[in-house]
Amino acid sequence: MSAMTQTTDNILAVGTRKGLWLARSNDRTDWLLSGPYFLMNEVASVALDSRHSPPRILAGLLSPHWGPTVVMSDDLGETWTEPEAGAITFPSGSGESLGRIWQLQPDSAARPDVVWAGCEPISVWKSTDGGTSFELNQALWNHPHRPDWGEGYGGAAAHTVLPSPADETVHVAISSGGVYRSDDGGDSWAARNRGISAYFLPDPDPEFGQCVHKVARDAGDPSRLYAQNHHGVYRSDDSGDTWVSIAEGLPADFGFVMLAHPRTSGTVWTIPLVADGERIPPDGELAVYRSTDAGGTWARLDSGLPQSEYNAVLRDAAALDTSEPVGVYFGTRAGDVYASADEGGTFTLVASNLPDVLCVRAAQLGSPEP
Amino acid sequence: MTGAGVRILLPDVLAPAAGGTRELSVPGTAGLTVGSLLDGLGEKFPVLERRIRDETGTVRRFVNIYVDGEDIRGLDRQHSAVGPGSEVMILQSIAGG
């Protein structure tokens, strides 16, 4: 293990159906867990915004009684603040109310105060003050396709927002509406689903309506995207204009997770599940699959993982850090959380028997010592 | 015209959003309704109001409000009258698991 990983503190945030847990580790193998924070609040989204030091924690909460809200902490969970007016609220007179915050996504370092949110009902929001207040993206809200967007089992939401670090491009993934792209920072949006199948519709190749589960952007080529769909694993080399299948070599083409290496082009991870009707790891054996050639071939990674597992890993319940080597993290609906400090080569158990894990994010604290 | 005050009783979990107390009181003014009472609370405690009502002003599905022991859903909802000396109790309903 390198000196870098031995001397660097790391934080892991785990959002569950009944609260938020945080974990800290110096070696990304032994973790000290704290929590629950916000017990009995569903935490469907969390962000560790490393543009702040220490990273700002943003969490999207949903109380079954008291509704949704966004909270933040600038001291690693010691104290939390909540904007009085609510960070995300529908404009007065819209007749809509916020249902759930599915995604909190910090933008690039070049746009240090910009944070995006994806919500239910299907909506995208942008903050220019670090997450204190968000504005509804009217262009997507008023998109002519909206009346025809469908609802997935988990609800109708914009669950993925991917701003490009290269330019004003933003991709959004909607279940079930498919992938939409803006080339102008969110002023206009167009469906970008050609090549992605929607087997559950009368026309399996519609312009939109696909049930995309997660999209990730390639580190080396911002116009290359990877998508895990409701059946189907795809890559686009043209910013979503066209998609090709990269499912060959995987034991199943269903799943929720797609992760792209923060520095190495062509390296991605996914966690296959059997099928729509079963949603368990193939043969009941939990395994992560990694490709280092942009989905051309896949390698099974299961060292340290249980060989009997019948629970799914949800779309945001997996994450990478930016350390070297990259850490891979995920949690199951059984409340078990795993971490790998070597890009998936070996996993260790961080926590077990938590409530259903809905989201996971990891970050490095401070600067590594030489 | 102001009469006897109106007591507002909150569950423990809402106390932090109400300045740390489970009990508030407002003047028992003529024409006071549950809706106008919540409007007034929202001006002083906006987080408390967001816990009780969504952006459209609708009382959240699993929040129950009682005026003198009567569920406002069986009265006139937010138009329900709150008379001087009344007690308004806000509770979470049976939900979650």
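Small disclaimer: the values here were computed from a predicted structure and weren't measured.

Whenever I open this one, the overall build of chain A confuses me. Can you help?
Within chain A one finds two helices and 29 strands. In terms of C-alpha radius of gyration, chain A reaches 19 Å, essentially the compact-globule figure of 21 Å for 370 residues. With the principal axes as the frame, chain A shows a C-alpha extent of 55 × 50 × 40 Å. A fraction of 49% describes how many contacts in chain A between residues 6 or more apart in sequence connect residues 24 or more apart. Roughly 13700 Å² of accessible area belongs to chain A as shown, and the carbon and sulfur atoms make up 48% of that amount.

I tried to follow the layout of surface pockets on my own but got confused; where do I start?
To find leftover empty space, a probe the size of one water molecule is rolled over the atoms. Residues and elements named next belong to chain A. The calculated volume of the largest pocket comes to roughly 1300 Å³. The wall of the largest pocket is formed by 47 residues, among which Gln 105, Pro 106, Pro 262, Leu 320 and Thr 322 lie closest to the centre. Grouping the amino acids of the lining of the largest pocket by side-chain chemistry returns 24 nonpolar, twelve polar and eleven charged. Each pocket or cavity is described by its volume, and for the second largest pocket that value is around 840 Å³. Lining the second largest pocket are 30 residues; nearest its centre among them are Arg 100, Gly 154, Leu 314, Arg 333 and Leu 358. Taken together, the elements giving at least two residues each to the lining of the second largest pocket come down to strand 4 (42-49), strand 5 (56-63) and strand 7 (100-106). When grouped by side-chain class, the residues that make up the lining of the second largest pocket number twelve nonpolar, ten polar and eight charged.

Even after reading the chapter, I still don't get the pattern of salt bridges, so can you show me in this structure?
Working definition: two side chains of opposite charge can pair if their charged atoms are close together. Residue and element names in this part refer to chain A. Per the stated rule, a full pass over the model turns up 27 salt bridges over all chains. The residue Asp 356 makes a salt bridge to Arg 17 at a minimum N-O spacing of 3.4 Å. Of this pair, Asp 356 sits in the loop between strand 28 (348-351) and strand 29 (357-365) while Arg 17 sits in the loop between strand 1 (9-16) and strand 2 (19-25); the two residues are 339 residues apart in sequence, bridging distant segments of the chain. Given a relative accessible area of 16%, Asp 356 falls into the buried group. Salt bridges here are not isolated pairs; linked through shared partners, they connect Arg 181, Asp 183, Arg 192 and Asp 241.

Please clarify how the nonpolar core should be interpreted in this entry.
Most often, soluble globular proteins have nonpolar side chains that are buried together. Judged by nonpolar contacts, the single largest core of 39 residues is most densely connected at A:Leu12, A:Val14, A:Trp269, A:Val288, A:Phe330, A:Val337 and A:Val350. Among the elements that line this core, the one with the most residues is strand 29 of chain A, at four residues. Aside from chain neighbours lying at most four places away, what touches A:Val14 is A:Gly19, A:Leu20, A:Trp21, A:Val337, A:Leu354, A:Val357, A:Cys359 and A:Val360. Counting residues in hydrophobic clusters, the runner-up holds 25 residues, among them B:Val6, B:Leu41, B:Leu48 and B:Ile65.

Where do I start with unusual backbone geometry in this structure?
In most cases, non-glycine residues show a negative phi, while peptide bonds are predominantly trans. All names here are of chain A. Cis geometry marks the peptide bond from Ser 53 to Pro 54, where omega comes out at -5 degrees. Residue position: Pro 54 is located in the loop between strand 4 and strand 5. That bond from Ser 175 to Ser 176 is cis: its omega, -5 degrees, falls within 30 degrees of zero. By secondary structure assignment, the location of Ser 176 is in the loop between strand 12 (170-175) and strand 13 (178-182). Located in the positive-phi region is His 231, a residue other than glycine, with phi close to 70 degrees. Considering the arrangement of structural elements, one finds His 231 in the loop between strand 16 (225-229) and strand 17 (233-236).

What is the right way to read empty space enclosed by the protein from this model?
Residues and elements named next belong to chain A. Counting across every chain of the model gives three cavities of 30 Å³ or more. Lining the largest cavity we find Asp 107, Arg 111, Val 114, Trp 116, Lys 126, Pro 163, Asp 167, Glu 168, Thr 169, Val 170 and Gly 185. A per-class count over the lining of the largest cavity returns four nonpolar, two polar and five charged. Taken as a whole, the second largest cavity encloses approximately 40 Å³ of empty space. Lining the second largest cavity are Pro 251, Pro 272, Pro 281, Pro 282, Glu 285, Leu 286, Ala 287, Tyr 289 and Arg 300. Among the residues making up the lining of the second largest cavity, the classes are represented as seven nonpolar, no polar and two charged.

Please clarify how the interface of chain A and chain B should be interpreted in this entry.
For an interface, size is often stated in terms of accessible area lost upon the parts coming together. With 20 residues of chain A at the contact, the number on the chain B side is 18 residues. Of the roughly 1500 Å² buried at the junction of chain A and chain B (both faces included), carbon and sulfur atoms supply 55%. Of all residues in chain A, the largest losses of buried area upon contact with chain B belong to A:His65, A:Trp66 and A:Glu84, amounting jointly to 51% of the total for that side. Counting across the interface, chain A meets chain B through two salt bridges. The salt bridge partner of A:Glu82 is B:Arg50, with a shortest N-O separation of 2.8 Å. Along the contact surface separating chain A from chain B lie ten residue pairs in polar contact (both at pLDDT 80 or more). Looking at the side of chain A that touches chain B, its residues break down into eight nonpolar, seven polar and five charged.

Hey, could you run me through the confidence of the model for chain B in this one?
Detailed reading of predicted coordinates is not advised where the pLDDT is low. Put simply, chain B has an average pLDDT of 95, and 96% of its residues get 70 or more. The ipTM assigned to the predicted complex is 0.93, against a pTM of 0.95.

How should I be thinking about the environment of A:Leu76 in this particular structure?
All names here are of chain A. With respect to the helices, strands and loops of the structure, Leu 76 is situated in the loop between strand 6 (67-73) and strand 7. Residue classification places Leu 76 among the buried residues on the basis of a relative accessible area of 18%. Distance from Leu 76 to Gln 210, taken between C-alpha atoms, is 38 Å for residues 134 residues apart in sequence.

Conventions and cut-offs
Residues numbered from 1 in each chain as written. Chains lettered and ligands numbered in written order. Predicted model: local features only at pLDDT ≥ 70, side-chain atom pairs only at ≥ 80, totals over all residues. Heavy atoms only, no water. Helix = DSSP H or I, 4+ residues; strand = E, 2+ residues; numbered from the N terminus. Rg over C-alpha atoms; globule rule 2.2 N^0.38 Å. Contact = heavy atoms within 4.5 Å. Areas by Shrake-Rupley, 256 points an atom, 1.4 Å probe, with all protein chains shown as cover. 1 Å grid on protein atoms, 1.4 Å probe; cavity = no way out; pocket = protein on both sides within 12 Å on 5 of 7 lines; lining within 4 Å. Points joined across faces, edges and corners; volume = space filled by probe spheres on them. Nonpolar A, V, L, I, M, F, W, Y, C, P; charged D, E, K, R; others polar. Salt bridge = Lys/Arg side-chain N within 4 Å of Asp/Glu carboxyl O. Buried < 20%, exposed > 50% of the residue type's maximum accessible area, 1.4 Å probe, protein only. Core = buried A, V, L, I, M, F, W, Y, C linked by side-chain atoms within 4.5 Å. Buried area = accessible area lost by both parts, 1.4 Å probe. Polar contact = N/O pair within 3.5 Å; in protein donor to acceptor, adjacent residues only side chain to side chain. pLDDT = per-residue confidence, 0-100.

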